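# Coordinate inspection notes
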Amino acid sequence: KEVTQMVDVIKRNKRRQKFSINKLQRSIMGATREAKLGKTQGGQIAKDIAEGIYRSIRRRKSVASTELRRRALRRLESRSRAAISAWRRFERRKY
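## Some words on the overall build of the protein chain
- When helices and strands are tallied, the protein chain shows 4 helices and 3 strands.
- If you list the helices and strands of the protein chain from N to C, you get β-β-α-α-β-α-α.
- In terms of C-alpha radius of gyration, the protein chain reaches 13 Å, essentially the compact-globule figure of 12 Å for 95 residues.
- Put simply, the protein chain has 95 residues, and 39% of those count as buried.
- At a minimum sequence separation of 6, the contacts of the protein chain that also span at least 24 residues come to 47%.
- Element-wise, carbon and sulfur atoms account for 49% of the exposed surface of the protein chain, whose accessible area totals about 6,300 Å².
- The protein chain carries 30 positive and 8 negative side-chain charges, and their two centres are separated by 2 Å.

## Observations concerning the packing of aromatic side chains
- Applying the stated criterion to the full structure yields 1 aromatic pair.
- Each ring, one from phenylalanine 19 and one from tyrosine 54, has its centre 5.9 Å from the other, and the planes form 15 degrees; the classification is stacked. Note that phenylalanine 19 is positioned in strand β2 (residues 16–20) and tyrosine 54 in helix α2 (residues 39–57), a separation of 35 residues in sequence. For the pair phenylalanine 19 and tyrosine 54, a shared accessibility class is recorded, and that class is buried.

## A short note on the nonpolar core
- Core analysis: the largest hydrophobic core is formed by 25 residues, its most contacted members being Phe19, Ile28, Leu68, Leu76 and Trp87.
- Of all the secondary structure elements, the ones that give two or more residues to this core are β1 (4–10), α1 (21–34), α2, α3 (65–77) and α4 (81–94).
- Ranked by the residues each element gives to this core, the list is headed by α2, at 7 residues.

## Points about α1
- Along its 14 residues, α1 runs 20 Å from first to last C-alpha, staying within 8% of the 20 Å computed at 1.5 Å per residue.
- Inspection of α1 places Ile21, Asn22, Leu24, Ile28, Met29, Ala31 and Thr32 among the buried residues, and these make up the whole buried set.
- On its buried face, α1 is in contact with β2, α2, α3 and α4.

## Topic: the pattern of salt bridges
- Tallied over the entire structure, the rule returns 10 salt bridges.
- One salt bridge connects aspartate 48 with arginine 79, and the closest N-O pair in it is separated by 3.2 Å. Separated by 31 residues along the polypeptide, aspartate 48 in helix α2 and arginine 79 in the loop between α3 and α4 bring together distant segments of the chain.
- Looking at aspartate 48, the relative accessible area reads 30%, which means it is partly exposed.
- Using a relative accessible area of 38% as the deciding quantity, one classes arginine 79 as partly exposed.
- Of the charged contacts, one joins arginine 71 and glutamate 67 as a salt bridge, the two residues approaching to 2.9 Å between their closest N and O atoms. A residue pair is termed a helical-turn pair when its members lie 3 or 4 positions apart in one helix, as arginine 71 and glutamate 67 do in helix α3 at 4 residues.

Quick notes on the rules
Residues numbered from 1 in each chain as written. Predicted model: local features only at pLDDT ≥ 70, side-chain atom pairs only at ≥ 80, totals over all residues. Heavy atoms only, no water. Helix = DSSP H or I, 4+ residues; strand = E, 2+ residues; numbered from the N terminus. Rg over C-alpha atoms; globule rule 2.2 N^0.38 Å. Buried < 20%, exposed > 50% of the residue type's maximum accessible area, 1.4 Å probe, protein only. Contact = heavy atoms within 4.5 Å. Areas by Shrake-Rupley, 256 points an atom, 1.4 Å probe, with all protein chains shown as cover. Lys, Arg positive; Asp, Glu negative; His and termini not counted. Charge placed at Lys NZ, Arg CZ, Asp CG, Glu CD. Phe/Tyr/Trp six-rings, centres within 6.5 Å; stacked < 30°, edge-to-face > 60°. Core = buried A, V, L, I, M, F, W, Y, C linked by side-chain atoms within 4.5 Å. Expected span 1.5 Å × (residues − 1). Salt bridge = Lys/Arg side-chain N within 4 Å of Asp/Glu carboxyl O.

The structure is reproduced here in structure tokens:
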């Protein structure tokens, strides 16, 4: 089930799109999967982090995508260093 909230995400190119907790969760899951964490463990980490970030921004009108990234990496740091490395490898390939 896709959950879209009223918070706008401001992308690097200045476009806006609605915040999606599921999209954030999938991004974190991709990092945990590449880090070879189990599906259950990776899924729980992704869910916890995405929900925590949403709780911290839900009353805002907008948030920069770079801030979402920073918050996700900071929270991921205490859960899985391997997933952080995987996330950064993906970013180097993407940009």
